[in-house]
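Tertiary structure, described
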Amino acid sequence: QQPVQSPQAVILREGEDAVINCSSSKALYSVHWYRQKHGEAPVFLMILLKGGEQKGHEKISASFNEKKQQSSLYLTASQLSYSGTYFCGTHHTSGTYKYIFGTGTRLKVLA
Amino acid sequence: NAGVTQTPKFRVLKTGQSMTLLCAQDMNHEYMYWYRQDPGMGLRLIHYSVGEGTTAKGEVPDGYNVSRLKKQNFLLGLESAAPSQTSVYFCASREQGQNTGELFFGEGSRLTVL
């Protein structure tokens, strides 16, 4: 079952911040975050391998709460280039190679 | 520097016709995946493979078949296309290992079934 992302969509002005959440009904073994521009393939942003881990990429960072089976993506001082659809991706357990994506969050940054 | 290549990129089929989508990767990756993405929707896993000669069902496998006869190629077949299979199909690959790395995607194949 797909992890559920919230919000489904968000509109920001340049410079504003946003948080995107990814929640799973099953244990998350690792969490990856991707961004997809319209008409293009998803592009990898970052991976979080264990609970409590936080990472950053430019002004985009993420956290992984293993116990709550959640991950959050933080976009700080958003830029026009941040527009797109964000997906979390995951394996549910260490014994499976199945890789599934969350439901997605559409982000639009306005000038 | 090809990475993951999908062919064809566009195809229009009539209901009941068959076709095969080809995914080729030159990164020597063990794992390969086929996803479909419908307008405004996320990526749903159709089938995947963890090595040459192996395949497994994903979340939405009905109506599709796959084969991995060579490590670098992963084929997705539609035996009898239906309008519900109109979608953009993405192939992806990644290295062996539970928690390593990212998926590398092809550019997508846009399929329309009339």
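Residues numbered from 1 in each chain as written. Chains lettered and ligands numbered in written order. Predicted model: local features only at pLDDT ≥ 70, side-chain atom pairs only at ≥ 80, totals over all residues. Heavy atoms only, no water.

Residue and element names in this part refer to chain B. Under the definition given, this model contains five salt bridges over all chains. A salt bridge links K9 to E107; the shortest N-O distance between them is 3.8 Å. Of the two residues, K9 is situated in the loop between β1 (4-7) and β2 (10-13) and E107 in the loop between β10 (104-105) and β11 (109-113); the sequence distance between them amounts to 98 residues. Taking the shortest distance from any N to any O, the salt bridge between D38 and R44 comes out at 2.5 Å. With a relative accessible area of 12%, D38 lands in the buried category. Through salt bridges with shared partners, a single network forms among R36, D38 and R44. (Salt bridge = Lys/Arg side-chain N within 4 Å of Asp/Glu carboxyl O. Helix = DSSP H or I, 4+ residues; strand = E, 2+ residues; numbered from the N terminus. Buried < 20%, exposed > 50% of the residue type's maximum accessible area, 1.4 Å probe, protein only.)

The next point concerns the interface of chain A and chain B. Contacts between the two partners involve 26 residues from chain A, matched on the other side by 23 residues from chain B. Taking both sides of the interface into account, the surface hidden between chain A and chain B amounts to around 2000 Å²; carbon and sulfur atoms contribute 58%. Per-residue buried area on chain A facing chain B is highest for Y97, K98 and F101 of chain A; these three make up 28% of the total on that side. At the junction of chain A with chain B, the criterion picks out one salt bridge. Where E59 of chain B meets K98 of chain A, a salt bridge forms, and the shortest distance between an N and an O atom there is 3.2 Å. For the pair chain A and chain B, the number of links is four residue pairs in polar contact (both at pLDDT 80 or more). Of all the secondary structure elements, the ones that give two or more residues to the side of chain A that touches chain B are β4 (30-36), β5 (43-48), β9 (84-91) and β10 (100-101) of chain A. If you tally residues by element for the side of chain A that touches chain B, the top one is β4 of chain A, at three residues. (Contact = heavy atoms within 4.5 Å. Buried area = accessible area lost by both parts, 1.4 Å probe. Polar contact = N/O pair within 3.5 Å; in protein donor to acceptor, adjacent residues only side chain to side chain.)

Here we come to the sheet that holds strand β3 (residues 19-25) of chain B. Residue and element names in this part refer to chain B. Strand order in this open sheet of four strands is β1-β3-β8-β7, and the pairing throughout is antiparallel. Among the strands making up the open sheet, the edge pair consists of β1 and β7 (65-67). Strand-to-strand, the axes of this sheet are offset by a mean angle of 20°, without reference to chain direction. (Pairing = 2+ DSSP bridges. Axes fitted to C-alpha atoms, helices over the stretch in contact; angles between N-to-C directions.)

Here we take up the nonpolar core. By size, the foremost hydrophobic cluster in this structure holds 21 residues, and its most contacted members are W33, M46, L73, L75, Y82, Y86 and L107 of chain A. Residues in contact with Y82 of chain A, not counting those within four places in the same chain, are R35, K37, K59, I60, L75, T76, A77, L107 and V109 of chain A. Grouped together as the second largest cluster of nonpolar side chains are 18 residues, M19, Y64, L76 and V113 of chain B included. (Core = buried A, V, L, I, M, F, W, Y, C linked by side-chain atoms within 4.5 Å.)

What follows covers the packing of aromatic side chains. Applying the stated rule across the entire model yields 13 aromatic pairs over all chains. Centroid distance Y34 of chain A to F101 of chain A: 5.4 Å. Interplanar angle 70°. Geometry classified as edge-to-face. Of the two residues, Y34 of chain A sits in strand β4 while F101 of chain A sits in strand β10, which places them 67 residues apart along the sequence. Summarising the burial analysis for this pair, Y34 of chain A and F101 of chain A share the class buried. Connected via pairs of aromatic rings, a cluster forms that spans Y34, F44, F87, Y99 and F101 of chain A together with Y33, Y35, Y48, F90 and F105 of chain B. (Phe/Tyr/Trp six-rings, centres within 6.5 Å; stacked < 30°, edge-to-face > 60°.)

Bringing the confidence of the model for chain A into the picture now. Confidence along chain A averages 88 in pLDDT terms, with 89% of residues attaining 70 or more. Mean pLDDT per element in chain A: strand β6 (residues 54-57) of chain A is the minimum at 66, and strand β2 (residues 9-13) of chain A is the maximum at 97. (pLDDT = per-residue confidence, 0-100.)

All names here are of chain A. Where burial is concerned, the two faces of strand β3 (residues 18-23) differ: the one with A18, I20 and C22 is buried and the one with V19, N21 and S23 is not. With three bridges joining them, strand β1 (residues 4-6) and β3 adopt antiparallel strand pairing. Its bridge partner lying in β3, S6 is registered against N21. Two elements, β3 and strand β8 (residues 70-75), share six bridges in a ladder whose sense is antiparallel. Across the sheet, residue I20 finds its bridge partner in β8, namely L73.

This brings us to the side chain of R68 of chain B. All names here are of chain B. Tracing the chain through its elements places R68 in the loop between β7 and β8 (73-78). Although R68 is buried, it makes no salt bridge; E30 carries the closest opposite charge, 5.3 Å away. A polar contact is formed between the side chain of R68 and the backbone oxygen of H29, at a distance of 3.2 Å. Separated by 2.7 Å, the side chain of R68 and the backbone oxygen of K71 make a polar contact. (Lys, Arg positive; Asp, Glu negative; His and termini not counted.)

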